[in-house]
Amino acid sequence: MKRIWLAALAGTACVPGLAHAQISDPKPGQGAPPSGPAPAPSAAPAPVSAQDGTVHVAPVDESPIVPDAQFEAAMPKIEGDINAPLEAMPSPTGSPTPRPAPATQGQAAQQVREQAEESFAAAPAEDPEFARPLPPLSEFRVEPPVEDKVADKKSVTIRYTTHEEGLSAVGLAGLFEDLSALKNGGGRAANTAMVAARAREDERLAVRLLQSRGYYDATAVSTVDQNPQTPGTVRATISATAGPLYRLGDVKVASDPTVPPGLLLDELNLNPGDPIEAERVQGAEANVALRLPQQGYPFVKVGQRDILLDAETHVGDYTLPIELGPRAVFGDIRTEVGGDSGARRGERASRSERRQERRRRVRQPAFDADHIRVLRRYKPGALYDIRAVDDLREAMIATSLFSTVSVEPVRTGQAGPDDTEVVDLLVRQNPGRPRTLAAELGYSTGQGIRLTGSWTHRNLFPPEGALIVAGVLGTQEQGLSTTFRRSNAGQRDKTFQIAAALNHQDYDAYESYTGTLSFRFSRDSTPIWQKRWTYFYGAELVGANEDRWNYNSNRRDRGTWLIAAAPLFLGYDSSDNLLNPTRGFRIKANASPETSVRGAARPYARFMLEGTYYQPVSSSIVIAGRARIGSIMGIARDDLPPSRRYYSGGGGSVRGFGYQELGPRSPDGKPVGGRSFNEFAIEARYRFGNYGIVPFIDAGQVYEGIYPTGKNIRFGAGIGGRLYTNFGPIRVDVATPINRKPGESKVSLYISIGQAF
């Protein structure tokens with residue numbers, strides 16, 4: 001059958017050639033094979049018409065043009081072996097064509113290689129310039145090439161719009177817009193290829209966002225096409241398909257048992273059935289790393305989670321390895337100077353860095369271990385809590401005596417109570433510069449310009465024994481003071497200070513020259529530990545030479561007083577911030593038993609009570625209010641030194657009036673002060689970013705008697721601006737008195753640091 005089929009195929013291959021020969025003959029009739037003689041052409045019979053109109057055609061000769069015997073003789077013979085090579089075709093001259101000798105595969109490849117090599121031209125001779133030696137590096141020119149300052153052609157940009165599909169349904173549209181490369185491009189690109197590249201990046205972004213919410217089979221496709229609504233622009237579309245939501249299956253923690261049992265799972269707070277959201281899972285693991293050191297495990301290490309997803313049930317089994325370490329209690333304090341801060345880890349330190357490190361090592365520590373023990377707010381033997389460790393480090397930083405300081409737990413191997421281990425705290429300290437120069441400039445109507453400056457050595461008498469030299473230079477006040485202050489004196493945030501001061505004040509109410517010696521013990525609030533209760537107590541000895549209006553002689557004269565006082569203060573603070581409170585309240589009470597000596601001793605007592613309240617009404621507006629009253633009992637007003645009386649008016653009192661402007665006046669028109677006063681203020685603090693606007697109304701009055709009657713209250717109104725900085729707000733207030741009287745300021749200006757109250 002195979003042979004018959006091949007013969008038929010061969011015969012079929014010859015037919016087109018014969019047909020072509022017949023069709024291409026330009027002569028009438030049919031052609032004949034070239035190997036045979038051409039027969040004489042026979043004329044075709046002409047049609048004959050009968051008389052009745054019928055046309056008769058003579059029969060055509062249907063005998064074959066080429067006899068079968070002649071056709072079979074022209075066909076090539078088929079041998080018995082169908083794989084034998086075909087015979088050579090006969091040459092046009094009739095002589096047989098010689099068959100080339102068979103060649104092996106290697107000989108054929110060699111012939112092809114020789115023919116290819118003959119077709120290539122000979123390689124040119126090598127340039128002798130390549131054989132020359134390179135010039136030395138010192139002769140190279142390092143000047144940058146001159147830039148060809150040709151004005152760039154205006155870049156061509158295209159505009160595009162962005163559309164997302166499928167993310168809004170799972171609440172990811174807003175986050176996608178914040179991170180989208182298309183959105184960040186601003187709707188402009190250099191070409192469509194750039195738009196397509198951004199779209200592909202957003203594809204990956206959409207998938208990552210969906211997977212972070214638990215859609216691990218999510219897909220996304222981007223398309224970029226012409227925008228039919230806006231010709232000349234393109235539209236980029238991100239189509240996302242969330243797929244099924246994967247949820248937690250088994251939740252396991254691989255760890256040693258804890259005290260109390262189940263502590264790890266409670267702090268991890270991941271439950272079967274919860275969506276496998278990246279933020280929730282990472283937050284849960286971070287909570288373990290945060291909460292365990294607060295509950296006695298200082299060396300806990302959270303390992304790498306393992307989540308095994310099941311594509312059929314859409315459930316993931318969660319496993320978290322945790323290395324607990326020992327449960328610990330606080331031990332002792334160790335300290336050393338220096339550490340790893342002198343040189344970077346993993347890098348070779350320079351010579352100057354090594355020199356600085358050696359200086360740190362030989363330098364004496366700013367605090368010894370005994371003083372660090374004063375700063376801690378935990379008791380030895382208490383369960384380890386990293387919050388107490390952070391508080392100790394922040395307290396040391398707050399002293400401003402260190403360039404760097406670190407506190408870390410160190411294992412001792414010593415057994416503690418209830419199967420715990422005692423850990424010491426290692427404090428590494430690098431002392432910083434202990435000296436500080438500070439200055440403050442302010443202005444207010446009635447006080448004029450006031451410049452204060454100070455030089456402080458915070459550790460001249462270790463530990464934390466500071467020497468402060470301060471001065472005041474103003475248009476109406478000049479002074480100089482020297483203070484010795486020991487911070488954290490035997491107890492954290494307890495301060496002891498001794499001060500000596502000389503001061504000159506020249507105001508409308510009085511002119512005085514005073515000298516003061518004082519000491520004080522105080523417990524103060526700090527930004528890192530704002531206390532509910534604060535207090536101070538101490539003693540003052542003041543010598544003053546002052547002028548006053550003498551109602552007995554009806555003229556102004558000068559006098560010298562010796563004043564001994566024992567000031568006391570007690571405060572309660574529930575506000576949320578020490579420097580810029582936004583909610584809560586504060587109460588302050590002052591009492592000062594005093595004795596004034598001018599010819600005779602006259603004892604008396606000064607009292608003052610102040611309350612402030614802060615209430616937010618929105619995220620950017622806080623209503624703040626203040627009320628303050630004071631009284632001096634046991635002495636007549638005219639027997640009081642003018643500087644010890646109460647006055648009202650000014651930036652920290654009733655704005656709109658000059659400093660000490662309110663209250664009774666002498667016949668020469670100057671304020672004389674009084675034995676009681678009351679003040680009220682309310683303001684709306686509107687903040688936007690680092691700036692603020694504060695409209696306010698203040699009220700107050702000073703009275704000659706010992707009780708503030710509330711009569712003849714004066715009001716001032718104004719508006720202020722705030723610039724919020726890291727050390728407190730800078731305040732600029734402008735105010736005017738309501739129902740202004742002759743001699744009172746039309747407009748008062750106050751510039752200082754800090755809120756009015």
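What counts and what doesn't
Residues numbered from 1 in each chain as written. Predicted model: local features only at pLDDT ≥ 70, side-chain atom pairs only at ≥ 80, totals over all residues. Heavy atoms only, no water. pLDDT = per-residue confidence, 0-100. Contact = heavy atoms within 4.5 Å. Helix = DSSP H or I, 4+ residues; strand = E, 2+ residues; numbered from the N terminus. Expected span 1.5 Å × (residues − 1). Buried < 20%, exposed > 50% of the residue type's maximum accessible area, 1.4 Å probe, protein only. Polar contact = N/O pair within 3.5 Å; in protein donor to acceptor, adjacent residues only side chain to side chain. Core = buried A, V, L, I, M, F, W, Y, C linked by side-chain atoms within 4.5 Å. Salt bridge = Lys/Arg side-chain N within 4 Å of Asp/Glu carboxyl O. Pairing = 2+ DSSP bridges. Axes fitted to C-alpha atoms, helices over the stretch in contact; angles between N-to-C directions. Patch = residues over 30% accessible without salt bridge, like charges linked within 9 Å, V, L, I, M, F, W, Y side chains within 5 Å. Areas by Shrake-Rupley, 256 points an atom, 1.4 Å probe, with all protein chains shown as cover. Lys, Arg positive; Asp, Glu negative; His and termini not counted. Charge placed at Lys NZ, Arg CZ, Asp CG, Glu CD.

Enquirer: Lay out the confidence of the model for the protein chain in plain terms, naming residues and giving numbers.
Expert: With 78% of its residues at a pLDDT of at least 70, the protein chain reaches an overall mean of 82. Low pLDDT (under 50) marks residues 1–57, which in the prediction has 24 contacts with non-local residues, meaning those over four places away or in another chain. Here residues 340–348 is modelled with pLDDT under 50, and outside its nearest four sequence neighbours on either side it reaches seven contacts, counting other chains as well.

Enquirer: Give a detailed account of helix α6 (residues 192–212), specifying residues and quantitative values.
Expert: Given a rise of 1.5 Å per residue, 21 residues ought to cover 30 Å, and the 30 Å separating the end C-alpha atoms of α6 matches this to within 8%. Residues of α6 that are buried include every one of Val-195, Arg-198, Ala-199, Asp-202, Leu-205, Ala-206, Val-207, Leu-209 and Leu-210, and no others. The inward-facing, buried residues of α6 contact β3 (158–165), α4 (173–179), α5 (181–184), β4 (188–189), β5 (219–226) and β6 (233–241). If you check the start of α6, you find a side-chain oxygen 3.2 Å away from the backbone N of Ala-193, and it comes from Asn-191. Once α6 finishes, Gly-214 follows within two positions and takes phi at roughly 100°, a positive value.

Enquirer: Account for the nonpolar core, with residues named and values stated.
Expert: In this structure, Leu-167, Phe-176, Leu-182, Val-195, Ala-206 and Leu-210 are the most contacted members of the largest nonpolar core, which totals 23 residues. Those elements that place two or more of their residues in this core are β3, α6 and β6. Among the elements that make up this core, the one with the highest residue count is α6 (seven residues). In this view, Phe-176 contacts Glu-164, Leu-167, Asp-202, Leu-205, Ala-206, Leu-209 and Ile-238; residues no more than four positions away in its chain are not counted. If you look at the next biggest cluster of nonpolar residues, it comprises 21 residues, including Phe-367, Val-389, Leu-392 and Val-427.

Enquirer: Residues and numbers for the pattern of salt bridges, please.
Expert: Applying the stated criterion to the full structure yields 37 salt bridges. Salt-bridge contacts for Arg-305 lead to Glu-285; the nearest nitrogen and oxygen are separated by 2.7 Å. You can see Arg-305 sitting in the loop between β8 (301–302) and β9 (306–310) and its partner Glu-285 sitting in helix α8 (residues 278–291), a full 20 residues away along the chain. Overall, the relative accessible area of 9% leaves Glu-285 in the buried class. The salt bridge partner of Arg-373 is Asp-370, with a shortest N-O separation of 2.4 Å. With Arg-373 and Asp-370 both in helix α10 (residues 369–375), this residue pair falls three residues apart, about one helical turn. Among the charged side chains, a salt-bridge network with shared partners connects Arg-655, Glu-683, Arg-685, Asp-698, Arg-722, Arg-731 and Asp-733.

Enquirer: Let's hear about the sheet that holds strand β12 (residues 402–415): which residues, and what values?
Expert: Strand order in the open sheet formed by three strands is β11-β13-β12, with mixed pairing between adjacent strands. The open sheet has two edge strands with one neighbour each: β11 (328–337) and β12. Strand after strand, the sheet turns through a mean of 20° between neighbouring axes, direction not considered. As paired elements, β11 and strand β13 (residues 421–431) share eight bridges and run parallel to each other. The partner of Thr-335 across the bridge, within β13, is Val-427. Sitting on the sheet, helix α11 (residues 386–398) is in contact with β11, β12 and β13, with an inclination near 150° to β12.

Enquirer: Kindly report on a negative patch on the surface, identifying the contributing residues and their values.
Expert: On the surface, Asp-250, Asp-310, Glu-312 and Asp-317 cluster together into a negatively charged patch. Looking at Asp-250, the relative accessible area reads 45%, which means it is partly exposed.

Enquirer: Please give an account of the pairing of strand β14 (residues 435–444) that cites residues and values.
Expert: Bridge analysis of β14 against strand β15 (residues 448–457) gives 10 bridges, and the strand direction is antiparallel. Bridging from a neighbouring strand, Gly-442 pairs with Arg-450 of β15. The pairing of β14 with strand β30 (residues 748–753) spans two bridges and is classified as antiparallel. In the sheet register, Tyr-443 faces β30, and the bridge partner there is Ile-751.

Enquirer: Break down the environment of Pro-593 for me, citing the residues and quoting the values.
Expert: Secondary-structure assignment places Pro-593 in strand β23 (residues 584–598). On the accessibility criterion, Pro-593 (44% relative accessible area) is partly exposed. As for Pro-593 and Ala-539, which are separated by 54 residues in sequence, their C-alpha atoms are 9.8 Å apart. Those residues in contact with Pro-593 that lie beyond four places of it in its chain are Ala-564, Ala-565, Ala-566, Tyr-604 and Ala-605.

Enquirer: Can you lay out the environment of Thr-399 for me, pointing to particular residues and giving the numbers?
Expert: Relative to the assigned elements, Thr-399 resides in the loop between α11 and β12. Overall, the relative accessible area of 11% leaves Thr-399 in the buried class. Linking Thr-399 and Pro-434, residues 35 residues apart in sequence, is a C-alpha distance of 9.6 Å. When residues no more than four places from it in sequence are discounted, the contact partners of Thr-399 are Phe-367, Arg-458, Glu-464 and Asn-488.

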